[in-house]
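Examining the three-dimensional arrangement
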Amino acid sequence: MAEHATTDTLGRQLHDLRVSVTDRCNFRCVYCMPKEVFGRGYQFLAKKELLTFEEIERIVQIFARLGVRKIRLTGGEPLVRSELENLIEKIAAVDQIEDISLTTNAVLLSEKRARSLRSAGLGRVNISLDALDDETFKAINDVGVPVQKVLDGIEAAASAGFDSVKVNMVVKRGMNENSVVPMARYFHGTGQILRFIEFMDVGNTNAWHDNAVMTAQQIIDLINAELPIEPLEANYTGEVAERWKYRDGGGEIGVISSVSKPFCGDCSRARLSAVGKVYTCLFAADGFNLMRLMRDGSTDAEIEESVGNLWSKRRDRYSETRTVESVLRPKVEMSHIGG
Ligand code: SAM
Ligand code: SF4
Ligand code: SF4
């Protein structure tokens, strides 16, 4: 089947696919998988309910024909899915895919693992770290993992020679705003880009409230008061992080203002959950069931047509139209589609 660009009702082209490979995680971050919901009794998906690597490979091939060039692997925690390298090799073999990246909490990212992910074809790694002191960090991850464990993962990634290693910090008022400046200082001058993410109302279990959002501007002001910064041009259209650089040459940082300054107008991302549903927005209630189509014997051409139709009807712009009511609407959980 011929390749073509797939455009939605607002003229946005399908370009990125985020693939959640598991709903499981070795953390219980309070803003993502709070223990009151994801506690001991929580029923995670069984292996047979997950897309196999062969099924993900087939979906990536189909999405590539529809215009996807970038794949990000996420979760839950993607490194808890065994033999992830096999999946990366399969995706790397898909001709049109130019970029494969991974978002991880880095607990399982030893030097050996980082090297094997790199040689499988992984290009870039984003590591999540929300504080630099153990007291705050343990209160966030809620499973007692110390900061050093993640810093070791960042070092392992840095030494494995990835094209880039970025560090992502979600900032939530009352949780870790006091960690913004220490984190900026720590990564200043290291070449590792730190990106601050506004706390979002993803799913329905994280007790989101707009009072808890530290806006990108507030974060910028905090940093600028200690380490002067100035804005930088975007690297490419649709880049979600606004870039800033330290005036003293200490490198750059990013801020992702998904709540205070949404970027739906450039949103080129589709998301695939671990059970094979496609979501055209992070805040959607439900997804389109690709696994069923595949397991019912649909051909590649039939699946391609369904996904193309889904994208061409897409009208999503949740963050630009967020209201008190929309926040309370049923939405898929972050651990199912991976951010
Ligand atoms: N477990 C991996 C990790 O933490 O990097 C990958 C999945 S996690 C869902 C992906 C990213 O989403 C993480 O950087 C996490 O901090 C972020 N995240 C989770 N819940 C969020 C929320 N409510 N608002 C903003 N970011 C969130
Ligand atoms: Fe796990 Fe990542 Fe969610 Fe934290 S943010 S609970 S590490 S999936
Ligand atoms: Fe894209 Fe939906 Fe986020 Fe808007 S709210 S940027 S459409 S994922």
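Above this text sits the structure in question.
Since this is a predicted model, take the numbers as computed values, not measurements.

Thoughts on the overall build of the protein chain
When helices and strands are tallied, the protein chain shows 11 helices and 12 strands. Against the 2.2 N^0.38 benchmark of 20 Å for 339 residues, the protein chain shows a C-alpha radius of gyration of 19 Å, consistent with a compact globule. In terms of its C-alpha atoms, the protein chain occupies a principal-axis envelope of roughly 55 × 45 × 45 Å. The burial tally for the protein chain puts 55% of its 339 residues in the buried class.

Some words on the nonpolar core
What tends to happen in soluble globular proteins is that the nonpolar side chains get buried as a cluster. Core analysis: the biggest nonpolar cluster contains 108 residues, and Leu17, Phe63, Leu73, Leu129, Phe196 and Ile223 have the highest contact counts within it. Other than its neighbours up to four places away in sequence, leucine 17 contacts Ile59, Val60, Phe63, Val68, Lys70, Ile71, Arg72, Ala270, Arg271 and Leu272.

Quick look at the site of ligand 3
Lining the immediate environment of ligand 3, one finds Phe263, Cys264, Cys267, Arg271, Cys281, Leu282, Phe283, Arg314, Asp316, Tyr318 and Ser319. Grouping the constituent residues of the shell around ligand 3 by class yields seven nonpolar, one polar and three charged.

Quick notes on the packing of aromatic side chains
Enumeration over the complete set of coordinates arrives at five aromatic pairs. On the basis of an interplanar angle of 75° and a centroid distance of 4.8 Å, the ring pair of tyrosine 186 and phenylalanine 187 is categorised as edge-to-face. On the basis of relative accessible area, phenylalanine 187 is assigned to the buried category, the value being 3%. When the centroid spacing of 4.4 Å and the interplanar angle of 15° are considered together, the rings of phenylalanine 283 and tyrosine 318 count as stacked. You can see phenylalanine 283 sitting in the loop between β11 (277-279) and β12 (288-289) and its partner tyrosine 318 sitting in the loop between α9 (300-312) and α10 (324-328), a full 35 residues away along the chain. By the ring-pair criterion, three or more aromatic residues cluster together here, those being Phe38, Tyr42 and Phe44. The ring of phenylalanine 283 is capped by arginine 322, whose NZ or CZ atom sits 5.4 Å from the centre of that ring.

Observations regarding the environment of aspartate 300
Take aspartate 300: it is sitting in helix α9. Ignoring any residue separated from it by four or fewer positions in sequence, one finds aspartate 300 in contact with Arg58, Ile62 and Arg65.

Some details on the sheet that holds strand β4 (residues 124-128)
Here we have 12 strands laid out as an open sheet, ordered β7-β8-β9-β6-β5-β4-β3-β2-β1-β10-β11-β12, and mixed in their pairing. Strands at the two margins of the open sheet, each flanked by one partner only, are β7 (229-231) and β12. Here helix α2 (residues 84-92) sits on the sheet and contacts β2 (70-74) and β3 (99-104); the angle it forms with β2, its principal contact strand, is near 170°.

So, how was this worked out
- Residues numbered from 1 in each chain as written.
- Chains lettered and ligands numbered in written order.
- Predicted model: local features only at pLDDT ≥ 70, side-chain atom pairs only at ≥ 80, totals over all residues.
- Heavy atoms only, no water.
- Helix = DSSP H or I, 4+ residues; strand = E, 2+ residues; numbered from the N terminus.
- Rg over C-alpha atoms; globule rule 2.2 N^0.38 Å.
- Buried < 20%, exposed > 50% of the residue type's maximum accessible area, 1.4 Å probe, protein only.
- Core = buried A, V, L, I, M, F, W, Y, C linked by side-chain atoms within 4.5 Å.
- Contact = heavy atoms within 4.5 Å.
- Near = heavy atom within 4 Å.
- Nonpolar A, V, L, I, M, F, W, Y, C, P; charged D, E, K, R; others polar.
- Phe/Tyr/Trp six-rings, centres within 6.5 Å; stacked < 30°, edge-to-face > 60°.
- Lys NZ or Arg CZ within 6 Å of the ring centre and 35° of its normal.
- Pairing = 2+ DSSP bridges.
- Axes fitted to C-alpha atoms, helices over the stretch in contact; angles between N-to-C directions.

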